[in-house]
2 protein chains.
Amino acid sequence: MTTATTPPSPAAPGCAGADAPPEASATLGEFALIERFFARAPRRAGVALGNGDDCALLAPAAGMQLAVSTDMLVEGRHFLSSVRPERLGHKALAVNLSDLAACGAEPLAFTLALAMPRVDPVFLAGFAEGLFALAERHGIDLVGGDTTAGPLNLCVTVFGQVPAGSALLRSGARAGDELWVSGTLGDARLALEGFRGSVTLAGEDFESVRRAMECPQPRVALGMALRGVASAAIDVSDGFVGDLGHILRRSGVGARVELAAMPRSVVLARQPQRLQQECVLAGGDDYELLFTAPAARHDAVLAAARAGGVGVTRIGRIEAEAGVRIVDAQGAALPLRWHGYDHFA
Amino acid sequence: MTTATTPPSPAAPGCAGADAPPEASATLGEFALIERFFARAPRRAGVALGNGDDCALLAPAAGMQLAVSTDMLVEGRHFLSSVRPERLGHKALAVNLSDLAACGAEPLAFTLALAMPRVDPVFLAGFAEGLFALAERHGIDLVGGDTTAGPLNLCVTVFGQVPAGSALLRSGARAGDELWVSGTLGDARLALEGFRGSVTLAGEDFESVRRAMECPQPRVALGMALRGVASAAIDVSDGFVGDLGHILRRSGVGARVELAAMPRSVVLARQPQRLQQECVLAGGDDYELLFTAPAARHDAVLAAARAGGVGVTRIGRIEAEAGVRIVDAQGAALPLRWHGYDHFA
């Protein structure tokens, strides 16, 4: 059972599944901590100069555009104080890679700016482990950054490359397109409700959805495989309905969504209907790809999913009429009361 | 007279010299505030897609490398709560442009991630005014970003382009090179001492050095003009001695610095010698270029300074022996007790 007063679980491993050995505390200055935890030589083609000068130098391959995205993570808004440092390191990079995935870009490098109240070697060792484990899985380099004292704040900027004119945009959806989503939606929100104590989850169920919240898997390979197939794409970070709205407004279209078709985990599927709807439609923090493709490319979408190593589900279609229409299994429209997550609401 | 208890000066204008009209307060959500204060269409060649999709797309010109730098600004560390929003907007971008200047890169675009406790339209209007005034002066676009609730934190990432192989690095200084610095050093630190109440400054003297602290001018044109002339460069942000040390270690050389030659403002030159030394040698927040060039390129350096619109001063020379030797007007060595600013010290 999990309630809002559950203490941090020291048993939860990093996103790669391994525990990091705790290190002895020590006093480190700014440059020493950069050297100790973050200095690694660049190995990636496309990175001409990494960490340690005034600027990093990137050289995208000929004919490539550079895709750039930045996300800032703040304690209490994007992660809980109970999160393991390994998982926080993973998540800080993962949510940024998810933006590259939504553009179909191949990751190249990233920068990290980090404000923290004090130099905590145990935190930093774990954070760096989770960060670099994910970076290595995607073959990318940390090419620069900044560290300062201050309230805990993580700002990552990622760089990817995409053939000129091939980036997946939000603006390409057309009436008649099929609407797809990768993976499952809603587990991260269910975990948050578990932390808040508003739902009671069995231990292994909680660990499963907590992992979804703390260890999102950016759909980079899927995004790249969808180049030339998808007509529009976005990653689901602020909640399905809100993020779908970005595609619809940019594309000047509407959508019909079949609620029963929306993919959810077995854990979420055991929850009350009302909670399932809330989590799936407005949960946020999913980092799955929401995308559209012409119906004629249905099989190409399935092939891209196989290449991307993740399941995809057709959940509706794009229509000319503006707005989002969510229908139940009988085809009856549900009242639309969900909107995207607003950090200031 | 200025002491630590001096209230914020409402009379201090923005860095461009103009006051912004205050705006009525209002409740704005995250997307509305982005739209209202930060949405501008990209106009810069090299920016294929700006704000509003998952990623921005940059296309450096053929043969160009992309220079990238990121800096995070935290209240109390990088700016005081009394700073005018216009000046804060200017400074957040200026300190990043200074890194591009130190590489000799031509600015292209930037991203902004912004955490703030609440949506304050008066703050945001002023901040955006100062930010975009400087951006427009350099012809660059805001191409992406993130906003979130949280303790005030500004993270800017800048992008510039530089011909492949032409970036100014920290590693190129050679024995016999002359050592140069642009502008004057130490005023920002003197202003900080004024705010702290440890020195007493006349009103207009305080305004002058406060302007140096709050409105640094990135030496972008000078940096570009020094391509092919300077052998190494860095911007002075953490204090002269510490930043010089970065060049010396990277280049495997030492330096002899003539204290009397180091450029300082008339306001600083009226202060006690001991304070002058502290401000000039270890002040920080100067954002001047510190660079080396072969003695044979002396005239080329002066020509670059004219092209860059800023004065430069020869303050010493690079020597084979490691370490920094600071000498007074009589050639006697001063004890070296200055080091760079460390955010965690």
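The shown structure was predicted, so the numbers you read here are calculated from the model rather than taken from an experiment. (Residues numbered from 1 in each chain as written. Chains lettered and ligands numbered in written order. Predicted model: local features only at pLDDT ≥ 70, side-chain atom pairs only at ≥ 80, totals over all residues. Heavy atoms only, no water.)

K.L.:
I'd love a proper account of the relation of the copies chain B and chain A, names of residues and values included.
P.N.:
Between the two copies, chain B and chain A, the superposition gives an RMSD of 0.0 Å; the rotation angle is 180° and the shift along the axis is 0.0 Å. The operation mapping one copy onto its partner corresponds to a two-fold rotation axis. (Least-squares fit on C-alpha atoms with pLDDT ≥ 70 in both.)

K.L.:
If you had to explain the side chain of B:D235 to someone new, which residues and values would you point to?
P.N.:
When you line up the elements, B:D235 lands in strand β8 (residues 232-235). Among the polar contacts made by the side chain of B:D235, one reaches the side chain of B:S98 at a distance of 2.7 Å. Not counting residues up to four positions away in its chain, the partners in contact with B:D235 are A:D54, B:V95, B:S98, B:D99, B:A102, B:D243, B:Y287, B:E288 and B:L289. (Helix = DSSP H or I, 4+ residues; strand = E, 2+ residues; numbered from the N terminus. Polar contact = N/O pair within 3.5 Å; in protein donor to acceptor, adjacent residues only side chain to side chain. Contact = heavy atoms within 4.5 Å.)

K.L.:
Hey, could you go over unusual backbone geometry for me, with residue numbers and the actual values?
P.N.:
Phi is positive for A:Y287, close to 55°, though the residue is something other than glycine. Within the secondary structure, A:Y287 sits in the loop between α9 (273-282) and β10 (289-293).

K.L.:
Now, about the state of the cysteines: what can you tell me, with residues and values included?
P.N.:
Residues and elements named next belong to chain A. Scanning the entire structure with this criterion turns up 2 disulfides over all chains. Each disulfide pairs two cysteine sulfurs, and for C15 the partner residue is C215, the sulfurs being separated by 2.2 Å. Every disulfide takes its handedness from the sign of the S-S torsion; for C15 and C215 that torsion is -85°, giving left-handed. Of the two residues, C15 sits in the segment before α1 (30-38) while C215 sits in the loop between α5 (203-214) and α6 (220-225), which places them 200 residues apart along the sequence. The pair formed by C15 and C215 is uniform in burial state, with each residue classed as buried. In this model C279 remains outside any disulfide bridge; the closest cysteine sulfur is found in C215, 18 Å from its own. (Disulfide = S-S within 2.5 Å. Buried < 20%, exposed > 50% of the residue type's maximum accessible area, 1.4 Å probe, protein only.)

K.L.:
Please set out the interface of chain B and chain A residue by residue, giving values where relevant.
P.N.:
Across the boundary between the two partners, chain B contributes 64 residues, which contact 64 residues of chain A. Roughly 4900 Å² is buried in total at the junction of chain B and chain A, and carbon and sulfur atoms are behind 62% of that figure. Taken together, the connections running from chain B to chain A amount to 2 salt bridges. Here chain B is connected to chain A by 10 residue pairs in polar contact (both at pLDDT 80 or more). (Buried area = accessible area lost by both parts, 1.4 Å probe. Salt bridge = Lys/Arg side-chain N within 4 Å of Asp/Glu carboxyl O.)

K.L.:
Pulling in residues and values, what's your account of helix α4 (residues 187-196) of chain B?
P.N.:
Residues and elements named next belong to chain B. Burial analysis of α4 places 8 of its 10 residues in the buried class, the great majority of the element. Turning to α4, its buried residues are D187, A188, R189, L190, A191, E193, G194 and F195. If you follow the buried residues of α4, they end up packed against α5 (203-214), α8 (266-269) and α9 (273-282).

K.L.:
Go over the environment of B:S265, please, and point to the residues and values.
P.N.:
Residue and element names in this part refer to chain B. As for its position among the elements, S265 is in the loop between β9 (254-258) and α8. Overall, the relative accessible area of 12% leaves S265 in the buried class. Separated by 57 residues in the primary sequence, S265 and S208 have C-alpha atoms spaced 9.6 Å apart. Setting aside chain neighbours within four positions, we find S265 in contact with T184 and D187. Of the polar contacts made by the side chain of S265, one reaches the side chain of D187; its length is 2.6 Å. Here L268 takes part through its backbone nitrogen, which lies 3.1 Å from a polar atom of the side chain of S265.

K.L.:
If you had to explain the packing of aromatic side chains to someone new, which residues and values would you point to?
P.N.:
Two measures describe an aromatic ring pair: the distance that separates the ring centres and the angle between the ring planes. Per the stated rule, a full pass over the model turns up 7 aromatic pairs over all chains. For the ring pair A:F123 and A:F127, a centre distance of 5.7 Å and an interplane angle of 20° mean the geometry is stacked. Separated by 4 residues within a single helix, A:F123 and A:F127 lie in helix α3 (residues 121-137), roughly one turn from each other. For the pair A:F123 and A:F127, a shared accessibility class is recorded, and that class is buried. With a centroid separation of 5.0 Å and an interplanar angle of 70°, the aromatic rings of B:F195 and B:F206 are classed as edge-to-face. (Phe/Tyr/Trp six-rings, centres within 6.5 Å; stacked < 30°, edge-to-face > 60°.)

K.L.:
Outline the sheet that holds strand β12 (residues 323-327) of chain A, listing residues and values.
P.N.:
Residue and element names in this part refer to chain A. Read from one edge to the other, the open sheet built from 6 strands follows the order β8-β10-β7-β11-β9-β12, with strand pairing classed as mixed. The strands lining the two open edges of the sheet, one partner per strand, are β8 (232-235) and β12. Sheet twist, expressed as the mean angle between neighbouring strand axes with direction ignored, is 25°. Sheet topology note: the β8/β10 ladder contains 4 bridges and is antiparallel. Bridging across to β10, D235 finds its partner in L289. (Pairing = 2+ DSSP bridges. Axes fitted to C-alpha atoms, helices over the stretch in contact; angles between N-to-C directions.)

K.L.:
Give a detailed account of the confidence of the model for chain A, specifying residues and quantitative values.
P.N.:
Residue and element names in this part refer to chain A. When the pLDDT values of chain A are averaged, the result is 88; 87% of them are 70 or greater. Here residues 1-11 is a poorly scored stretch, pLDDT under 50, and it has 21 contacts once near neighbours within four places are set aside; other chains count. Note that residues 19-26 has pLDDT below 50 and, in this model, 13 contacts with residues that lie over four places away or in other chains. Both scores are available for the predicted complex, with the pTM at 0.87 and the ipTM at 0.84. (pLDDT = per-residue confidence, 0-100.)

K.L.:
I'd love a proper account of the packing of α4(B) against α5(B), names of residues and values included.
P.N.:
Residues and elements named next belong to chain B. Remark: α4 packs on α5, axes separated minimally by 7 Å, with the N-to-C direction vectors making an angle of 115°. As for how α4 packs across α5, the hand of that crossing is left-handed. On α5, the residues touching D187, A188, L190, A191, L192, G194 and F195 of α4 are F206, V209, R210, A212, M213 and E214. Among the residues forming the contact of α4 with α5, the class breakdown is 9 nonpolar, 1 polar and 3 charged. (Left-handed = near helix turned anticlockwise from the far one by under 90°. Nonpolar A, V, L, I, M, F, W, Y, C, P; charged D, E, K, R; others polar.)

K.L.:
Explain the sheet that holds β9(B) to me, using residue names and the numbers behind them.
P.N.:
Residues and elements named next belong to chain B. The 6 strands are arranged β8-β10-β7-β11-β9-β12 in an open sheet whose pairing can be described as mixed. The open sheet has two edge strands, β8 and β12 (323-327), and neither has a second partner. The mean angle between the axes of side-by-side strands here comes to 25°, regardless of whether they run parallel or antiparallel. Examined bridge by bridge, strand β7 (residues 178-182) and strand β10 (residues 289-293) share 4 bridges and lie antiparallel to one another. Each bridged residue has a counterpart across the sheet, and for V181 the counterpart in β10 is L290. Packing against the sheet, helix α7 (residues 240-251) makes contact with β7, β8, β9, β10, β11 (312-319) and β12, and its axis sits at approximately 150° to β8.

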